[in-house]
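# Structural overview
The primary structure of each chain is shown beneath.
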Amino acid sequence: MDLDCGKRQNGSIHACSQRSMEEHLQETSIGDGDAHLVEFSEAMRAVKKALRQVSESKARALDEAAEWRRKYEMEHLRAAILEQKQKKREQYIDQSPPDSWSPAEPLDSEKSDPENGEESPVGSVNGWLPPHSNSECCKREGICTQQILRSHSGSTSNMSLLTRAPQAAEKASFRLQWGCAGKKDSRNHTHDVVSFECGNITTASRSSKQITLVWNSPPQSVFILCKPSASDVTAICKEMIRWLKEEKGIGVYVEPSMKRELLDDSSYFRCVQACETEQEVHEVHTKVDLVITLGGDGTVLWAANMFKGPVPPVVSFSMGSLGFMTPFRSDRYKDCLQTLIKGPVYITLRHRLHCQIIRNPEAVKEGDDPCEETHLVLNEIAIDRGMSSFLTNLECYCDDIFLTSVQGDGLILSTPSGSTAYSLAAGGSMVHPQVPGILFTPICPHSLSFRPLILPEYVTIRVQVPRNSRGQAWASFDGKDRQQLNEGDALLCHMSAWPVPAACDIESTTDFLQSVRDGLHWNLRKRQGSEGPTSN
Ligand SMILES: NC(=O)c1ccc[n+]([C@@H]2O[C@H](COP(=O)([O-])OP(=O)(O)OC[C@H]3O[C@@H](n4cnc5c(N)ncnc54)[C@H](O)[C@@H]3O)[C@@H](O)[C@H]2O)c1
Ligand SMILES: Nc1ncnc2c1ncn2[C@@H]1O[C@H](COP(=O)(O)OP(=O)(O)OP(=O)(O)O)[C@@H](O)[C@H]1O
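The name given to the protein in an unreviewed UniProt entry is NAD(+) kinase, with Physcomitrium patens as the source organism. Per UniProt, the protein carries the Catalytic activity (unreviewed entry) text "NAD(+) + ATP = ADP + NADP(+) + H(+)". The UniProt entry for the protein carries the following text under Sequence similarities (unreviewed entry): "Belongs to the NAD kinase family."

## Here's the deal with the site of ligand 1
The full set close to ligand 1 counts 16 residues, and D297, N379, E380, S417 and T420 are the nearest of them. Between ligand 1 and E380, the relevant distance is 2.5 Å, taken from an oxygen atom to a side-chain nitrogen or oxygen of the residue. One of the backbone N or O atoms of S417 is found 3.0 Å from a nitrogen atom in ligand 1. Relative to its free-state accessible area of 780 Å², ligand 1 is covered by the protein chains to the extent of 63%. When contributions to the shell around ligand 1 are tallied by element, the ones reaching two or more residues are α7 (297-306) and α9 (422-425). No other element matches the three residues that α7 contributes to the shell around ligand 1. Among the residues forming the shell around ligand 1, the class breakdown is seven nonpolar, five polar and four charged.

## Side note on the site of ligand 2
Close to ligand 2 lie 15 residues, the nearest being K227, E255, G296, T299 and S321. For ligand 2, an oxygen atom lies 2.7 Å from a polar atom in the backbone of G296. Contact distances for ligand 2 include 3.0 Å between an oxygen atom and a backbone N or O atom of G298. Compared with its free state, where it exposes 620 Å², ligand 2 has 70% of that area covered by protein. Of all the elements, α7 adds the most residues to the shell around ligand 2, at four residues. Residues of the shell around ligand 2, tallied by class, amount to four nonpolar, seven polar and four charged.

## Overview of the pairing of strand β5 (residues 210-215)
Most of β5 is tucked away: six of the six residues are buried. Alternating residues of β5 divide into Q210, T212 and V214 and I211, L213 and W215, and every residue in both groups is buried. In this structure, β5 lies alongside strand β12 (residues 345-350), joined through three bridges in antiparallel fashion. Paired with L213 across the strands is V345, a residue of β12.

The rules behind the values
- Residues numbered from 1 in each chain as written.
- Chains lettered and ligands numbered in written order.
- Predicted model: local features only at pLDDT ≥ 70, side-chain atom pairs only at ≥ 80, totals over all residues.
- Heavy atoms only, no water.
- UniProt positions renumbered as here; feature names shortened; annotations may be inferred.
- Near = heavy atom within 4 Å.
- Polar contact = N/O pair within 3.5 Å; in protein donor to acceptor, adjacent residues only side chain to side chain.
- Areas by Shrake-Rupley, 256 points an atom, 1.4 Å probe, with all protein chains shown as cover.
- Helix = DSSP H or I, 4+ residues; strand = E, 2+ residues; numbered from the N terminus.
- Nonpolar A, V, L, I, M, F, W, Y, C, P; charged D, E, K, R; others polar.
- Buried < 20%, exposed > 50% of the residue type's maximum accessible area, 1.4 Å probe, protein only.
- Pairing = 2+ DSSP bridges.

Right, dumping it as structure tokens:
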């Protein structure tokens, strides 16, 4: 049924009857003593009022019906997506383990560490665990990150992210250790945050502790990503490639544009490999042990965006202006890489947000998919008003509970890593990157009481453009890939299971606080002198 049309027709009938009544009332002159006419006119007024109420409640009912229908369709769509995801998960769990894993062999997590006699933590990445062995830890994707950040040779998978070509060399294996205040945790890493023993609740075993990466075998190949059109970056890149090849015997991958630039300079760089096809880019995480970025924060975002699934450890050299996520000095790259290749390395697990646009099912042409390609962002998804001069109106739901309606310039859904970027500029709090959560920061809200929120990392946020929205909305992902959101479109967002493991220069908290102080000059103020009036 065309609801709008029905509403228009109903509206016009009531409008006509109201109009004729008003005309009749105006034409009817009421004499002082004419009791009949007074009575009649009062009756007409009562009828008029009743008609108006009927027309209003009908319009409300139609609006409500349309809203319920939209909600029903969205739920239907969500259920279909969930079913699809579940099927994929089941497919994955059904896969037989690769040849390299035998159930008779002890798992890495069960083997003891020959060096120190301690048990290896669950983060061991040398072998293949049965896919369901850790299925509880990454419920959404059904895949544990730790299972993927390891050698994949010999494995067969029908998931596009996991398909891979035969490898020339084995990827170096490593394990992750969880510790606290610089001390290695003797207990295995646990995903349990709250434990309950003898009736006492304790959170002594928190999951977000300092994480150390320990190489089991030395890294063999690196992927260098460079800020484009920057001569100083290209110069360092050339030097670094020669040093890695000649001094360390490490293979190098670069982007195709960089390879062309290198070959224009010298045929020496024929030894460098490039990922030319989309498939090769998809598989690069199975071939490289480290990702090196030379540039600013934008290059780190660029690197993260290349990996639509697992990401190898990332080492970022600062060659930009701010460098919040680039802790290493490029002039000291030899010392830094030497230390990193040897390990152990402190890492910050920078969480990413997974988001998907779902188009208004009514506006989607038959046969077209209403669910658009997914995005993984390291900083944020920003939804703004684009070129429109009207307020954006965004209805926000948290796990399907209505949260609020954003009326203003827009909304930022940010990761803790992105908390120091756009979200900060919009008044959001700065959050340590290891704090799990999703920042909900409005952009110039037209309300005095709209404070930013930080939501727990396990929620799903839905941002809906209402049907009667006056303004437009545009979504951008880490400042890129801008896409228009039309009436009835929605954006779903939740924490991804694929973080960016970023190597630290000193250690996660020290690096973060240093960036806050040196990069943003946080709370910089001249100290007050000791001389002058005192309170006593
Ligand atoms: N008003 C704002 O502050 C504003 C507006 C638009 C975009 N941005 C940010 O720019 C990012 C895109 O970066 P780009 O380099 O491609 O664009 P860009 O070249 O325009 O640089 C944006 C600036 O943001 C800084 N930055 C990026 N990520 C950061 C982080 N996590 N912490 C602290 N600073 C960070 C960069 O160092 C750079 O100085 C977006 O993800 C968004 O966060 C900020
Ligand atoms: N490998 C790459 N290929 C294409 N574009 C890239 C690449 N690396 C970075 N960019 C883009 O180049 C732009 C500038 O990069 P970057 O932010 O690293 O340098 P910057 O602006 O000098 O540093 P900062 O962000 O610290 O101010 C960003 O928009 C980024 O997305």
